[in-house]
Amino acid sequence: MTTIGMRELSGDTVDLQAHYEAMQDDLYDGVTAAVVEGTRQALAWGQAPVDILARGLVAGMDIVGKDFGDGILFVPEVLRAANAMKAAMEILRPLLTQTGAPKAGIAVIGTVKGDIHDIGKNLVAMMWEGAGFEVHNLGNNVDADKFIAAIREHHANLLGMSALLTTTMPYMATVIERLHQEGLRDHVKVLVGGAPLNAAFAEDIGADRYCKDAAEGVAAARALIRRET
Amino acid sequence: MKQWGRKLQSALSQCGAQFVIPSHLAYNRRAMTPPSNPHQPTASRPSDEGRAAYRVVFQPSGRQGEAAAGSNLLDAARSLGVEIEAICNGRQTCGKCQVTVEEGFFAKHGLTSDAEHLSAADGREARYWDQHPRPAGRRLACACQVRGDLLISVPAESQARKQVVRKAVTERAIVVDPAIRLYYVEIEPPTLENQLGDWDRLAAELARRFGLQGLRLDPILLHTLQPILREGNWKATVTVWQDCEVVRVQPGYAEEAYGLAVDIGTTTVAMHLCDLRTGAVLATASRMNPQVAYGEDLMSRVSYCDTREDGLATLRGAVINALNELAAEAAAEAGVTPEAISDIVLVGNTVMHHILLNIPPRQLGQSPFGPAVSDAVDIQARELGLRLAPGAQAHVLPVEAGHVGADNVGVILAEEPHRAPADEIWLIVDVGTNGELLLGNRERLFSASSPTGPAFEGAQIRHGMRAAAGAIERVRIDPETLEVRFKVIGREEWSNEWEMGKLVDWETGKSVDWEADRLPTQRTNLPTYHPTNPPTYQSTSPGQKARPRDAPILAAGICGSGIIEAIAELFVAGVLTPDGRFAAEARSPRLSWQGSKAEFVLAWPHEASTGRPIVVTSDDVRNIQLGKAALYSGARLLMARMGVDRVDRVLLAGAFGSYIDATHAMILGMIPDCDLTKVTTVGNSAGDGARIALLNKQQREEARRLARWTNYIGVAMEPRFQDAFVEALPMPHSVDAFPHLTEILQAAAGRRRARGVSDTVSARERRARLAKAS
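Quick caveat: nothing in here was measured; it's all calculated off a predicted structure.

Participant: Which residues make up the overall build of chain A, and what values go with them?
Facilitator: Secondary structure assignment for chain A yields ten helices and five strands. Its C-alpha atoms give chain A a radius of gyration of 18 Å, near enough to 17 Å, the size a compact globule of 229 residues would have. A principal-axis box enclosing the C-alpha atoms of chain A has dimensions of 60 × 35 × 25 Å. The 229 residues of chain A split such that 57% are buried.

What follows is the structure, given as structure tokens:
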């Protein structure tokens, strides 16, 4: 907070890079108030919302995601960071919509029908949001109809499905089958995850990628959407 | 009568008796029959002469009431709920109903008891005593008429409901009152004139002699009924289940009755063979559940049934086969035949329960996880495929919810949380792949299922294994030197006492000096272990086989209790931070890094049967954190439901629970804070519950009541579950206090400080670390 104040006094000679790095640090430490303040400050300096998102928030969440993947951070720290990010997004989202800024992608995510485990899935949803995706989290016990309707409604190009039970993971194949039937399969990239899954299963059911954790989920989503555009 | 009732009440309140039977309810019609000879009785006091009823007190039960003058003593006992053995049912031949008259004035009961207060021993009873030794004051209850006040002692051998002590940490009495009873009958043989069927004559006699009206006969018994009756010369002992169905007929007089109590676990099947007359456990047998071959965890079993046409048949066949083999094994050990086993009680989780009953378990594999049946199930054992007595009955305890099964009902029966004082809160944790929780006391009881994952059973742990020979089950780490000693299953001494030098090469017969051959001489000079380039401890002569003769058990892996202790010890030593990271500042040859992830060596290659080090990794710690947070948050949510913020007793149940060390479990934050002396392990409670239900038919009804009474809470659907779970990930917890661990936690924090370890990760440190690295 204090560092931001100092930059405020320096007027024209604002070190933007230092400001964004401070925002990234605040995000890493999960200090919501500081991240929100940093976002407001950058806006006050006339920075474009899309730049604040990319250089402050997304870059910060990337670091969080990397350290999560490396086992340095764990679920509580990632959720804290994601919550800070979410608060900042409340400010940026309406501005981004106004300016028609490009999104990293539009994602629909949910835990499949019959399964009620959703902490891991929520983590992925927050990390995707952190990576600049527009995320529609459908919760748990989601059937194919609901997935299809949400993909249509939001014009999603990314579908994430999670299952934590060997008994519920086959339902992912049902959803993919329905995507084909509805003529939507070519419009969305399908990512799947959950403890009992593996890459071979993802391949068998015709998903685009299996992701072992949230950090991988972000990298995979980016790679797939980038390839597409 | 009224006056007696008042006196009785005051006498009862004085002696603190638990049991009061209102006099108008206390007697059945037979006992209330007017005295046959009201003028004969010898009264204890002159004024009592000619009373219509007398007071009778039975010991040791303390049950008491009034008996009509001239009524039968055995009938009086039964009407008061005092169960006395009487296989011949009053024919004065079996001699089972022996009782002793205590003589004198008993102030506590306010009565004078005298041998003369019973009709004299004559006729058949006299002949019985001529042939059998007679302890002082002994009578056959069935032959006695009440003629005065009495204090009667029922010796242990005559008690139909015997008290036995359960073999467990919490010893308690089980009242023996099984669902099956034996009845001895003599029937008239058929003649050319009387051609009524053998069974019909048997049934008529059972009805006439024992009042067993409308008995059903298991039709399979007809196959052998005629030869049996003839072999016994028209005398037979009939085994009756729940006083409604004949399940076995034996020639002549017999008194043996056996039953099985079975716990079908996901990984282990265990059974007790019990003597149903005494309650004694005659044999115990267990083995791995053969279904493991088709899937380690429950959901994979459900999938197997769901995706294969013969899936259910295969899994059911596997477990039934195991049960039959175990029954034969147990019977052989007890010196009986499986055909002598006429009752069996089974418990298991819902998936095991469904598979056993040939119910497709599909619905248990997906939300909302509804079971096919909640209530208890009675079924013929042979219909399940069990080879016991042909008419044997099977009873499967009820289930509470889709993921809280009959095994948990067994735990309730055995540990009796529903009897906990109202001012105490008990928490029972059954640790397994699916943790089951019970919280409450006599007023309310909540249950929940918690998705702990298989980490506690050794899965998802780098060197995890099941609790089998060679599994590291105990770990101690010196907080200063970080030296490790451990214990493996199958070996008494700790690893630091292992004598490595006495090993003998199994091919050459020469002794192998492990210390000289395979190890750097000084332990403290051991090289830092790098996972990418593990040191190889080669024997000096390359051709020599490393397997020694009579090889003692070496460490093969880490089982659940071992991983819990290892992680808790590392935390206490200040090597692990509360958020579950290995501290980069800790220095030990046992600790090595690969990038930002670490491994800590528990067993060096020479201590391991694999010849490779056995380690605890960063990912192992994370997986245990996830499992323990699921358990803890489940318990915490139940506490919130109950409106309490502390527990007074914690019971760790389950075969695995028995090996968990309470302190380590609490340091890890698996269980809420509690006085450590009040945290106990209770062994296989589910199996004990099955035994209780086997030995006492009322407990089967109690189980049905308790299963409905217990409130199941779907914790995963509670709105606060995610927050509670995330808060519970750090060790022991991010928010909740653990006052009973204050010293340990302060010492751990002190060691972290001394090593310069920071408890949290911060961006500033991260930048410093990166700067240092580059």
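Participant: Talk me through the overall build of chain B; I want residue IDs and the actual numbers.
Facilitator: Looking only at helices and strands, chain B features 19 helices and 34 strands. Counting over 774 residues, chain B shows a buried share of 57%. Of the contacts made within chain B by residues no fewer than 6 positions apart, 67% connect residues no fewer than 24 positions apart. Of the roughly 32300 Å² of accessible surface on chain B, 49% is carried by carbon and sulfur atoms.

Participant: Can you break down the packing of helix H10 (residues 406–415) of chain B against helix H15 (residues 685–695) of chain B residue by residue, with the values?
Facilitator: Residue and element names in this part refer to chain B. Look at H10 against H15: their axes get within 7 Å of each other, and the N-to-C directions meet at 75°. By the angle between their directions, the pair H10 and H15 is classed as roughly perpendicular. Residue-level contacts link Asp407, Gly410, Val411, Leu413, Ala414 and Glu415 of H10 to Ser685, Ala686, Asp688, Gly689, Ile692 and Ala693 of H15. Residues of the contact of H10 with H15, tallied by class, amount to six nonpolar, three polar and three charged.

Participant: Can you break down the confidence of the model for chain A residue by residue, with the values?
Facilitator: On average, chain A scores 90 in pLDDT, and the residues at 70 or more come to 93%. Within the model, pLDDT remains below 50 along residues 1–11 of chain A, and this stretch shows 16 contacts once partners closer than five positions in the same chain are excluded.

Participant: Account for H10 of chain B, naming residues and giving values.
Facilitator: Residues and elements named next belong to chain B. Burial of H10 is extensive: ten of the ten residues sit out of reach of the surface. For H10, the complete set of buried residues consists of Ala406, Asp407, Asn408, Val409, Gly410, Val411, Ile412, Leu413, Ala414 and Glu415. Just downstream of H10 lies Glu416, where phi reads positive at about 55°.

Participant: An account of the nonpolar core is requested, with residue identities and associated values reported.
Facilitator: The biggest cluster of nonpolar side chains holds 133 residues, and the ones touching the most others in it are Leu57 and Trp128 of chain A together with Ile472 and Met670 of chain B. The residues contacting Ile472 of chain B, other than those within four sequence positions of it, are Phe486, Lys487, Val488, Ala555, Gly557, Ile558, Cys559, Gly562, Leu602, Ala603 and Ile614 of chain B. Counting residues in hydrophobic clusters, the runner-up holds 44 residues, among them Cys305, Leu364, Ala389 and Ala394 of chain B.

Participant: How would you summarise the sheet that holds strand S24 (residues 484–488) of chain B if you had to cite specific residues and measurements?
Facilitator: Residues and elements named next belong to chain B. A sheet is described by the order of its strands in space; here three strands give the open sequence S24-S23-S28, paired in mixed fashion. Each having just a single partner strand, S24 and strand S28 (557–558) make up the two edges of the open sheet. Strands in contact with helix H12 (residues 560–572) are strand S23 (471–477) and S28; relative to S23, the strand with the most contacts, it is inclined by about 15°.

Participant: Break down the packing of helix H2 (residues 16–28) of chain A against helix H4 (residues 49–69) of chain A for me, citing the residues and quoting the values.
Facilitator: Residues and elements named next belong to chain A. Between H2 and H4, whose axes approach to 8 Å, the crossing angle comes to 45°. The pairing of H2 with H4 is recorded here as oblique in orientation. Considering only the axes of H2 and H4, their crossing is right-handed. Within the contact between the two elements, H2 uses Gln17, Tyr20, Met23, Gln24, Leu27 and Tyr28 and H4 uses Asp51, Ile52, Arg55, Gly56, Leu57, Ala59, Gly60, Met61, Ile63, Val64 and Asp67. When the residues that make up the contact of H2 with H4 are grouped by side-chain class, the tally is ten nonpolar, four polar and three charged.

Participant: So what's going on with the side chain of Thr166 of chain A? Residues and values would help.
Facilitator: Considering the arrangement of structural elements, one finds Thr166 of chain A in the loop between strand S3 (158–162) and helix H8 (171–181). In terms of polar contacts, Thr166 of chain A uses its side chain to reach the side chain of Ser303 of chain B, at 3.3 Å. Setting aside residues up to four positions removed in sequence, Thr166 of chain A forms contacts with Pro196 of chain A together with Met299, Ser300 and Ser303 of chain B.

Participant: I'd love a proper account of the pairing of strand S15 (residues 268–275) of chain B, names of residues and values included.
Facilitator: All names here are of chain B. With seven of its eight residues buried, S15 lies for the most part within the structure. Relative to S15, strand S14 (residues 258–264) runs antiparallel, the two sharing seven bridges. What sits directly across from Asp263, in S15, is Ala270. Here S14 folds back onto S15, and the loop between the two strands holds three residues.

Participant: Give a description of the environment of Asn408 of chain B that names residues and reports values.
Facilitator: Residue and element names in this part refer to chain B. Mapped onto the secondary structure, Asn408 falls in helix H10. According to the relative accessible area criterion, Asn408 is buried, its value standing at 1%. In this structure, the C-alpha to C-alpha distance between Asn408 and Thr350, residues 58 residues apart in sequence, is 9.8 Å. In this structure Asn408 touches Glu400, Glu436, Leu438 and Ser447, once residues within four positions along its chain are discounted.

Participant: Which residues make up the packing of aromatic side chains, and what are the values?
Facilitator: What the rule picks out here adds up to eight aromatic pairs over all chains. Geometrically, the ring pair formed by Phe486 of chain B and Trp498 of chain B is edge-to-face, given 5.3 Å between the ring centres and 85° between the ring planes. Here Trp498 of chain B lies in the loop between S24 and strand S25 (503–505) and Phe486 of chain B lies in strand S24, a separation of twelve residues in the sequence. There is no split in this pair, since Phe486 of chain B and Trp498 of chain B are both buried. Directly above the ring of Phe74 of chain A sits Arg622 of chain B, whose terminal nitrogen or CZ lies 4.2 Å from the centroid. Looking at Arg649 of chain B, its charged tip hangs above the ring of Trp426 of chain B, at a distance of 4.3 Å from the centre.

Participant: Please provide a residue-by-residue account of the interface of chain B and chain A, values included.
Facilitator: With 29 residues of chain B in contact, the opposing surface of chain A contributes 28 residues. Summed over both partners, the interface of chain B with chain A comes to about 2500 Å²; 62% of that surface belongs to carbon and sulfur atoms. Looking at the side of chain B facing chain A, the largest losses of area belong to Gln722, Arg766 and Arg767 of chain B, adding up to 20% of the total buried there. Here chain B is connected to chain A by three salt bridges. Measuring nitrogen to oxygen at the nearest pair gives 2.8 Å for the salt bridge that ties Arg767 of chain B to Asp25 of chain A.

Participant: Can you break down the pairing of strand S3 (residues 98–102) of chain B residue by residue, with the values?
Facilitator: All names here are of chain B. Extensive coverage of S3 is indicated by the burial of four of its five residues. Pairing of S3 with strand S7 (residues 150–153) involves three bridges; the strand directions are antiparallel. Paired with Glu102 across the two strands is Leu151, which belongs to S7.

Participant: Tell me what's going on with the confidence of the model for chain B, and back it up with residues and numbers.
Facilitator: Residue and element names in this part refer to chain B. Within chain B, residue pLDDT values average 83, and 84% of them lie at 70 or more. Every residue in residues 501–507 scores below 50 in pLDDT, and together they form 28 contacts with partners more than four places removed in sequence or on other chains. This model gives residues 512–550 a pLDDT under 50, and the stretch forms 74 contacts once residues within four places in sequence are excluded.

Participant: Give a description of unusual backbone geometry that names residues and reports values.
Facilitator: Residue and element names in this part refer to chain B. That bond from Ser367 to Pro368 is cis: its omega, 5°, falls within 30 degrees of zero. Mapped onto the fold, Pro368 is located in the loop between helix H8 (350–356) and strand S18 (377–380). With an omega of -15°, the peptide bond between Met731 and Pro732 qualifies as cis. As for its position among the elements, Pro732 is in the loop between helix H17 (721–727) and helix H18 (742–754). Despite not being glycine, Gln242 shows a phi value in the positive range, around 50°. Tracing the chain through its elements places Gln242 in the loop between strand S12 (235–241) and strand S13 (245–251). You will see that Glu416, though not glycine, has its phi angle at about 55°, which is positive. As for its placement among the helices and strands, Glu416 is situated in the loop between H10 and strand S20 (426–430).

Participant: If you had to explain the sheet that holds strand S1 (residues 105–111) of chain A to someone new, which residues and values would you point to?
Facilitator: For sheets, the rule is that strands pair by backbone hydrogen bonds, running either parallel or antiparallel. Residues and elements named next belong to chain A. The five strands are arranged S2-S1-S3-S4-S5 in an open sheet whose pairing can be described as parallel. Only two strands of the sheet have a single partner each, and these edge strands are strand S2 (133–137) and strand S5 (209–210). Here S3 runs beside strand S4 (residues 189–193); their pairing, made up of five bridges, is parallel. Residue pairing for S4: Leu159 is matched across the bridge by Val190. Helix-sheet contacts for helix H7 (residues 144–154) involve S1, S2 and S3, and the interaxial angle to S1 is about 165°. Sitting on the sheet, H8 is in contact with S3 and S4, with an inclination near 160° to S3.

Participant: Give a description of helix H13 (residues 618–642) of chain B that names residues and reports values.
Facilitator: Residues and elements named next belong to chain B. A rise of 1.5 Å per residue sets the reference length of H13, with its 25 residues, at 36 Å; its end C-alpha atoms lie 36 Å apart and thus fit the reference within 8%. Burial analysis of H13 places 19 of its 25 residues in the buried class, the great majority of the element. Two residues or fewer past H13, Gly643 is found with a positive phi of approximately 75°.

Rules behind the numbers
- Each chain carries its own residue numbering, running from 1 in the written order of its sequence.
- The lettering of chains begins at A and the numbering of ligands begins at 1, in the order of writing.
- Owing to the predicted nature of the model, reporting of local features is limited to residues with pLDDT of at least 70; listing and counting of side-chain atom pairs is limited to 80 or more, with chain, interface and lining totals taken over all residues.
- The basis for every side-chain value is the complete set of non-hydrogen atoms in the structure, without hydrogens or water.
- Only runs of H or I of at least four residues qualify as helices and only runs of E of at least two qualify as strands under DSSP, and these elements are numbered from the N terminus.
- Only the C-alpha atoms count toward the radius of gyration. The rule for a globule is 2.2 Å times the residue count to the power 0.38.
- Exposure categories follow from relative accessible area, calculated using a 1.4 Å probe and restricted to protein chains: below 20% of the type maximum is buried, above 50% is exposed, and the middle band is partly exposed.
- Contacts are residue-level and defined by heavy atoms, with any inter-residue pair within 4.5 Å sufficient.
- Each accessible area value is a Shrake-Rupley result obtained with a 1.4 Å probe; residue values ignore everything except the protein chains displayed when judging cover.
- Where helices are involved, their axes are fitted lines through C-alpha atoms of the stretch in contact, as for all axes, and angles between N-to-C directions lie from 0 to 180°.
- Oblique is the label for any angle not under 35 degrees, not over 145, and not in the 65 to 115 range, which are roughly parallel, roughly antiparallel and roughly perpendicular in turn.
- Residue type decides the class: Asp, Glu, Lys and Arg count as charged, Ala, Val, Leu, Ile, Met, Phe, Trp, Tyr, Cys and Pro as nonpolar, and the leftover types, Gly among them, as polar.
- Confidence scores labelled pLDDT are given residue by residue by the predictor and lie between 0 and 100.
- Buried Ala, Val, Leu, Ile, Met, Phe, Trp, Tyr and Cys residues form a nonpolar core when they are joined through side-chain atoms within 4.5 Å.
- Here, strands pair whenever DSSP counts at least two bridges between them.
- The crossing is said to be left-handed when, going from far helix to near helix, the turn is anticlockwise and less than a right angle, and right-handed when the turn is clockwise.
- Pairs of N or O atoms within 3.5 Å make up the polar contacts considered here, provided that, within protein, one atom can donate a hydrogen while the other can accept it, and that residues adjacent in sequence are counted only when both atoms are side-chain atoms.
- Aromatic pairs are defined between Phe, Tyr and Trp rings, using the six-membered ring for Trp, whenever the two ring centres lie within 6.5 Å; interplanar angles under 30 degrees are classed as stacked, those over 60 as edge-to-face, and all others as tilted.
- Charge-over-ring contacts are defined here by two conditions on Lys NZ or Arg CZ: a distance within 6 Å of the ring centre and an angle within 35 degrees of the ring normal.
- As used here, buried area is the combined drop in accessible area, with a 1.4 Å probe, of two parts when they are placed together.
- Only one rule defines a salt bridge in this text: a Lys or Arg side-chain nitrogen within 4 Å of an Asp or Glu carboxyl oxygen.
- Take the number of residues in a helix, subtract one, and multiply by 1.5 Å to get its expected span.

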